[in-house]
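Here are the chains, one letter per residue:
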Amino acid sequence: MEEGASLFPKGKCLEDISPVEDDIDELEDPEFGVEPLPAEAESNADSKGCGCLKKKQDAAALRRVKKTGTQDRAQVLRLRKDLSSLDKLGEEKGLLIQKTTAELHACRQRMDLITKQQESVAAEMAAEREANNTAAVGRLQAVSRRLCTELENERDLQAKIAATLKDNQSIMWHIAIQEGQLEDVRRTVQEQAEAARRWLQVRADEQLRREKEAYGKAERNRLLRVRKSMYLQKEHGLRHQKLVEDARKNHRVAVKFLKASLGRVQEQARQQELESREHMRRRMDAVLALKNSITANRETLRKFQAWGQAKAQLAEQKAQAEKEAILAQGGDAFKHLFHQRRRQELEAEKRAFEEEQKLRKDEIVSRILKEEAEEDRRRRLPPPAHAADRLTLRDRTWGYLATVCEGKPAPAASCYLAVSRGPSGAQCLTFVSRESVQGDPRPVSWEDDTLAEPEIPGLWDADYKSRQVPTEDGDRKPVGGTKMDKDLLARTIQQLRSGVIHKQVVSGREFKGRPFNSKPKVVHFKDFDVGKVYKKKVTLINATYTINYCKLEGVEEHLRDFISVDFDPPGPMSAGMCCEVLVTFKPMINKDLEGSVSFLAQTGRFSVPLKCSTKKCSLSLDKELIDFGSYVVGETTSRVITLTNVGGLGTSFRFLLALEDSETDISQSVMKISSVFTYEEKSFYEKVASNVSEQQVDANESSTVDARSQREQDSGRPTESEMVTTVMTMSPNEEQMEISLGEITEGDIGPFSAIKVPVIFSPVIPGAVQTRFKVTFNNQECPTLYFRAVGVAVDVPVWVPRPIVDLKICMYDRMYQDSILVHTRSKVALGLKFEVCKELRGHMELLPETGYIQALSSFSVQLKFLPRHSLPKDAEKYFDKESRVLEALMTIRVTDQIKPVEFTVHAVVTTSDLELIPSEVDFGYCTIYEAVRAPVSLCNHSLLPQEFGFVGLPKFVDIQPNDGFGTILPLETLELDVIFQPPKAKVKEYRFELICKSVINRCFKLTCRAVGVHPPLELSHYQIKFAATSLYDMSVATLYVINSHLSMNSLTHSVPRIGSEDTCPVGPTSFEFLLPPDSPITISPLVGTVLPGKRCLVQVAFHPVLPSELIYQQVFQALTKGSESKSARRDTATQRKDLRKQSLSTLRLQNRDRLSQTSTSDGQELQEQDLTSSSEEYQVAQAALARTFPGKFDKFVVPCVIASGDIQDRKGAEPLSFSPHNTLYLELWCPAVAPSIIVTSNKGKTISDFGDVAVGHCGIKKVSVQNISAEDLAVDFSVLNPNGPFVLLTPISRLPAGETQVLTISFSPRESMLAQETLDIITKRGTLSLTLLGVGVASMITCSIEGDVLNMGYVIARESVSSSFKLQNNSSLPIKFSMRLDSLARTRSKDQQQLPQFLTSPAQRTEVVGTQNHNGQSVFSVVPVEGVMDPGATQDFTVTFSPDHESLYFSDRLQVVLFKKKLSQQILLKGAAREHMMFVEGGDPLDVPVESLTVIPSSDSERREGEQRGGWGWPVLPSPEMEELKPILVTLDYLQLDTDTPAPPATRELQVGCIRTTQLSTKKMVEFSLDNVANLQHHGFTVEPSKGFVERGQTKTISISWMPPDDFDPDHPLTVSALLQLKGDVKETYKVFFVAQVVTGL
């Protein structure tokens, strides 16, 4: 039993006790904080009258508690905790006092029992002495001594228990004193708690009162609502009754009108019935009349059909007669009929053309008459004031011609093509801007359009108010009109201002991108004016996956003075919803602005670009070149050029002659003009240009048409009169030029408008005319625009529009025609004569040869070209034999014209021959079971594609592709396959001809011959088409070899033979398949014999693999790249070193040598690496090639040789006789594709090697498989050995296309073994085989510590000592180890909460963790903590013992854990620590091997200081025996044998040691001495040595032996004590108790 002081140190009885919270701590909870009562509650409490005083006192107490400062509250809390600690300590001490009292009572009872036993033993001893029984007396004396010793021990124990009880009672007194001192505090705390409870009660009562009032108010509201609802129901009933009465009245009126309406409807129905009957009668009459008419028409049709058939027969007879007559004369009937048919067609076309010409003449006459009538009407009208002297175009033209003919100077002719003029002389095209400008009195809107009024009046009658854009000064809806809106807005603004951006994840997909899309994407204010206000609406659409928010952040800093944004936050917006933003622009300066409007959404920020552009000029011309074409001298024509401004700013323009720039390059003008256009204005310009395009005057139109078009322009069309005004005048002061501009060539062009300026061409001298003009502008930013006008003046009125007639490619003996138009500008009819050169008159003709062309019209002549084969000889002058090009000049002679009109005819003449190569095909010997293919080339020598076809083919011949029909391109050679399959073996060979016809009915022949063979064996299938097989997969097909030859009778059936040779004999027939070398085909069996009427099963397997050469090439390329990179690095390093020492010339020479040496060394290295390449490189290359395998299709033809006889009957190695013609052929189609499933992990290798795995452990490997096909695949797996070590942990059932799945495979060996299995991944498109390898290895280690106990010995406290041991790996597997200490285990905290080990019996103590350091650090440490031991290696471990205080019971257990799961070794670590350098070891234990709860002082000074103070701090008087005596118990048991042999003495040992330390000390050794040796020897004890010295780090043994003296009483143990003094750095004294007893042996 330990002392009470050991449980609670005197110095730290109350200070070090951990605080225990009481229930009073609830007062400090924030929910129960003391707060002053509300004013309403106080007023209500005052008005009650009952219990007012008590409530006021409670409120005053609570207010006092509330006013207590922080320091007071902390003090109260500390006092409360002290009270709790005192209560708990008092309870513990009370229990301890009760327990100690019980033990004291038990001790006194034992003492009484021992006293009684002594009395009984004394009585027995006296009786035995009287009886002179020495032995019994001796025994009783020993018993008496034992009882005396026990009684002495019990007395000592009673004294200790009494002292402990006294100390505990003293502690209880002190506790009672402190409780008395803290009684006021306890009372105060209780009062506070009571006040808090009362306050809570008051608060609850107040809350109850409020709830009652609220309930009363709600009840009154409910009654009010009930009364209101009853009133509304009553009112609703009255209104309903009124409505019912009105409905009844309306019903009566409606019934009245309904009856009248029903009467009218019935009357109408009767009339409709009569009308329908009358209509049916008329229809029946019409049907009868139609039937009679059909009958009559059928008779008439029969007559016409008979007449037509008779006429056709006559025509056919006539044609047949003509054909026979022509054939009789030796002519070409087909050509004659073709010419006749062609002549009839030409006549029909000519009649149609004449009819068309007549209709066109009538149309022209009608138009002329209409124009003349219109002209007469205009003449009769009064002329306008500003155009009184205006002449018509015809009058001006005749006047100009008359003036020119008379030789007078030509006056300037004024042409007015437009009547209306604007303020500036030209009306410009104006466009309405799309932007809404504030202050516009008439905005453009579609709501002003009048819609058709519907039959049913409804919402059309209501006034519809369109959504108006809120004005700047208008009232807007206040932000957050209701309280809920304000709360939502406040929360939203707070979230947005916090800047928190949340990720939006919906269905596992995270939204990334722009959260809101704007419409329009860019807010663009175009062509703004300073001082005006522009507004635009922007629609924001939620583009995220779910609800989002939007907040306006504002515009950029430089735009805030001009841009304002009105945005009403819509709150949460679902996906796809939109909101509107109003952007207002107030321009203050005339400057382009760019920026953005920023918004903040829940998923991130975004912005809407904003752009403000000023008005600019964007001018362009619609053309750069005006080509007037060819005109006769004296005529005048005009073209219009359009100047377009697509910008918002107008400017002044001026058209001038560019005489000084006439020699500049045209490309510069193009660049200048094209620079005006911008990409955004391109579409707008195209729209404008399409509206303001010029009305070109065709060259072949007459002056009447010109006048009519001018009148049409004068009358004005709505679209052009509103958009474009054309000004065409000529200044009278300007010098007359052939190409000139109008009168007004300058003016102003407004924004978004166009100006048309005419350009006049009046040729004077024949020849080409060119003039260059420029357009200048007042705006300096607008570049000068240039354009040219060209024209040709001719003096010939007749011309051909097509001077070159190209007939393209023509064939010999084929007719080609073309129509040639001849135009005239003359106003009188002219005679024409068409001439063909005499060399081509036999091949070409012009019809008609002569003709007349009318004034201002055209004439058509037909050109016929029929080239003959004699064309190269007849027209050598015009025909080129090499290029086959014909170029001939045709002449048109015009009456009264010296110069003829010429045109050229171009044609390429080619042949129509087709050639078959070879012209004769020999198929050789062909069996009846297969088809023989012979390639034939078809060549087209023509320059035109030709259609061809083989017609009249025999049944046993086929031509592919397209069955021998097709189109062959010019000069192309087609490869055709002629396939021959004989139906039987004929006695004579096959001879036949194949005819190929072209589309023009030309025939080309191909001669063929072959020999038919009937083999004695046949195959069930001659063609096997394997399915697409993945690499390293296998496809198997089966077929049969059949022997159907049973009879030699050739009359009943076809017998096997080769052509006309003898028939094959009936009997066993052998076969052999001859496989091509290195083919992926396997046939089983290859050789066999088939009896007559039997069949043999043959299996054909297709196993595609990659060629070894290709894999080695891939490996070589990889090694080459690696070696090249290494050599490049070596060359770079070498060159850097050599550049410092050598010159440039020497460096070049050495570089050449080095390159040659490097290439040689690299080749040798590659060769060595290739020779020694491991299988891993091969597998990596194989996997890479399989992944990128593009697919391959192979077609194998395997011959099957047939021989008569049995293979078992042949003699030795002599082969059977066979004929090469008697051979069957098996065709195999083998498509190989890339595997649908590949392995992507481990560099694509299909072998998963787990390596060495310890037995009992599990190795995991993950194999990634990918579906590289285009479809989803269902996956199945082969079954692994259920008792094997391999397990598929994560099987999959489906593998989508393009995705990768991970298969987890575990290897768990149960014994030392070498395991290998195959896992097949099966899909419908193939099988992928995974090879699983693994080796199970048993892990074994040995430890160098014997007994698994490592005693670190003694060490000075706060010093350390180290010891080493070794672990050896005896297995072939690298072992991963980790060292664990039980003191650092996770379960250590739980074990410490259990019952202390020193309270249990020694037999039940299982705790191995002893005393630990006070500083929290581990006493024992080991390095390394973890690592890997290689096979056969030894690992050294160092254990360090570092105690921080004195104790003899430091212990711990070190566990060696392998692979973090297997416990291999357990080593017990022990050690002791002393404050001083000496120690004594040995004797019997007097205390438990666990430190008590007492805190041992860290030094003697602290201990002495503690001894000088009492338990509660009171000083004590110093005693003479201040030195502490440490007890040592040495028990010696003398074994007394029953025999006469003397027993050896009882021996024990004590170890006196000196600890080796690093501290400086005057003592280098420890001196020990044992006093009272003589007394010990007197009692039979022998001590050797009794004194001596011990060096540092050494121990000395004190041997103690005992022999019972003669006067020893066996019944009473012998107890002797002696003092053992140790002198080192300090002096220590031990009191050694020697207890000896005699033990009787068995």
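Going by the structure above, here's the rest.
Counting of residues starts from 1 at the beginning of each chain's written sequence and follows it residue by residue. Owing to the predicted nature of the model, reporting of local features is limited to residues with pLDDT of at least 70; listing and counting of side-chain atom pairs is limited to 80 or more, with chain, interface and lining totals taken over all residues. Side-chain metrics in this entry use all non-hydrogen atoms of the structure; hydrogen atoms and water are not considered.

Trainee: Looking at this structure, I do not really get the sheet that holds strand 37 (residues 973-980). What am I missing?
Mentor: By way of backbone hydrogen bonds, the strands of a sheet pair with one another, either parallel or antiparallel. A strand pair is defined by DSSP finding two or more bridges across the two strands. Under the scheme used here, helices are H or I runs from DSSP no shorter than 4 residues and strands are E runs no shorter than 2 residues, and both carry numbers assigned from the N terminus. In space, the four strands of this open sheet follow the order 31-33-37-35, with antiparallel pairing throughout. In the strand order of this sheet, the two ends are held by strand 31 (914-917) and strand 35 (957-960), each with one partner. Taken over all neighbouring pairs, the strand axes of this sheet differ in orientation by 30° on average, direction set aside. Bridge count for strand 35 against strand 37 is four bridges, and the pairing is antiparallel. Whenever a helix is involved, its axis is fitted only over the stretch in contact; in every case the axis is a line through C-alpha atoms, and angles between N-to-C directions fall within 0 to 180 degrees.

Trainee: How should the sheet that holds strand 27 (residues 858-865) be read in this particular structure?
Mentor: The strand order across the open sheet built from four strands is 21-23-27-25, with neighbouring strands paired in antiparallel fashion. Sheet topology places strand 21 (798-799) and strand 25 (844-847) at the edges, where each strand pairs with a single neighbour. The pairing of strand 25 with strand 27 spans four bridges and is antiparallel. In the sheet register, Leu847 faces strand 27, and the bridge partner there is Gln862.

Trainee: Is there a simple way to explain the environment of Lys537 in this structure?
Mentor: Summarising the element assignment, Lys537 is placed in strand 6 (residues 534-542). In the structure, Lys537 is positioned 17 residues away from Pro520 in sequence and 8.7 Å away in space, judged by C-alpha atoms.

Trainee: Looking at this model, I keep getting lost on a nonpolar patch on the surface. Mind explaining?
Mentor: Each patch is built from residues lacking any salt bridge and having more than 30% relative accessible area; the joining distance is 9 Å for like charges and 5 Å for nonpolar side chains (Val, Leu, Ile, Met, Phe, Trp, Tyr). Only the protein chains shown count as cover for residues, and all accessible areas are computed by the Shrake-Rupley method using a 1.4 Å probe. We define a salt bridge as a side-chain nitrogen of Lys or Arg found within 4 Å of a carboxyl oxygen belonging to Asp or Glu. Taken together, the side chains of Leu301, Phe304 and Trp307 define a hydrophobic patch exposed on the protein surface, amounting to about 380 Å² of accessible area. Inspection of the secondary structure assignment puts Phe304 in helix 6 (residues 183-329).

Trainee: Help me out: how do you make sense of the environment of Leu157 in this one?
Mentor: Looking at the element boundaries, Leu157 is found in helix 5 (residues 134-181). Leu157 gets classed as partly exposed once you look at its relative accessible area, which sits at 26%. Two residues form a contact once any of their heavy atoms are found within 4.5 Å. Not counting residues within four places of it along the chain, the set of residues in contact with Leu157 comprises Cys107 and Arg110. Throughout this description, buried means an accessible area under 20% of the type-specific maximum (1.4 Å probe, protein chains only), exposed means over 50%, and partly exposed covers the range between.

Trainee: Sorry if this is basic, but what is going on with helix 6 here?
Mentor: Residue pairs spaced three or four apart in an α-helix point in one direction, given the helix's 3.6 residues per turn. Expected helix span is given by 1.5 Å per residue-to-residue step, counting one fewer step than there are residues. Under the 1.5 Å per step criterion, the end-to-end length of helix 6 is only 159 Å for 147 residues, more than 12% shorter than the ideal 219 Å. Directly after helix 6, the chain includes Gly330, whose backbone phi takes a positive value near 90°.

Trainee: Please clarify how the packing of helix 5 against helix 6 should be interpreted in this entry.
Mentor: To characterise two packed helices, one gives the angle between the axes of the helices and the distance between these axes. Two numbers describe how helix 5 lies on helix 6: the axes approach to 4 Å, and their chain directions differ by 50°. Comparing their axes, helix 6 and helix 5 come out oblique. Within the contact between the two elements, helix 5 uses Glu179, Gly180 and Gln181 and helix 6 uses Glu183, Asp184 and Arg186. Ten residues, namely Ala, Val, Leu, Ile, Met, Phe, Trp, Tyr, Cys and Pro, are considered nonpolar, four, namely Asp, Glu, Lys and Arg, are considered charged, and the remaining ones, Gly among them, are considered polar. Here the residues of the contact of helix 5 with helix 6 sort into no nonpolar, two polar and four charged. Any angle that is under 35 degrees is reported as roughly parallel, and any over 145 degrees as roughly antiparallel; angles of 65 to 115 degrees are reported as roughly perpendicular and all others as oblique.

Trainee: Looking at this model, I keep getting lost on the environment of Phe1633. Mind explaining?
Mentor: Residue position: Phe1633 is located in strand 78 (residues 1627-1640). Since its relative accessible area comes to 26%, Phe1633 is described here as partly exposed.

Trainee: Any chance you could explain the side chain of Thr891 here in plain terms?
Mentor: With respect to the helices, strands and loops of the structure, Thr891 is situated in strand 29 (residues 885-894). On the basis of relative accessibility, which here comes to 13%, the residue Thr891 falls in the buried class. Look past the residues within four positions of Thr891 in its chain and what remains in contact with it is Lys833, Phe834, Glu835, Pro900, Val901 and Glu902.

Trainee: Explain the pairing of strand 10 (residues 593-601) to me, please; I cannot follow it from the model alone.
Mentor: Side-chain direction in a regular strand flips from residue to residue, so the side chains alternate between the two faces of the sheet. Strand 10 sits mainly inside the fold: seven of its nine residues count as buried. Alignment of strand 7 (residues 550-555) against strand 10, held across five bridges, turns out to be antiparallel. Bridge assignment links Gly554 to a residue of strand 10, and that residue is Ser598. Sheet topology note: the strand 10/strand 11 (residues 604-614) ladder contains nine bridges and is antiparallel. Bridging from a neighbouring strand, Val597 pairs with Val608 of strand 11.

Remember, this is a structural readout, not a statement about activity or role.
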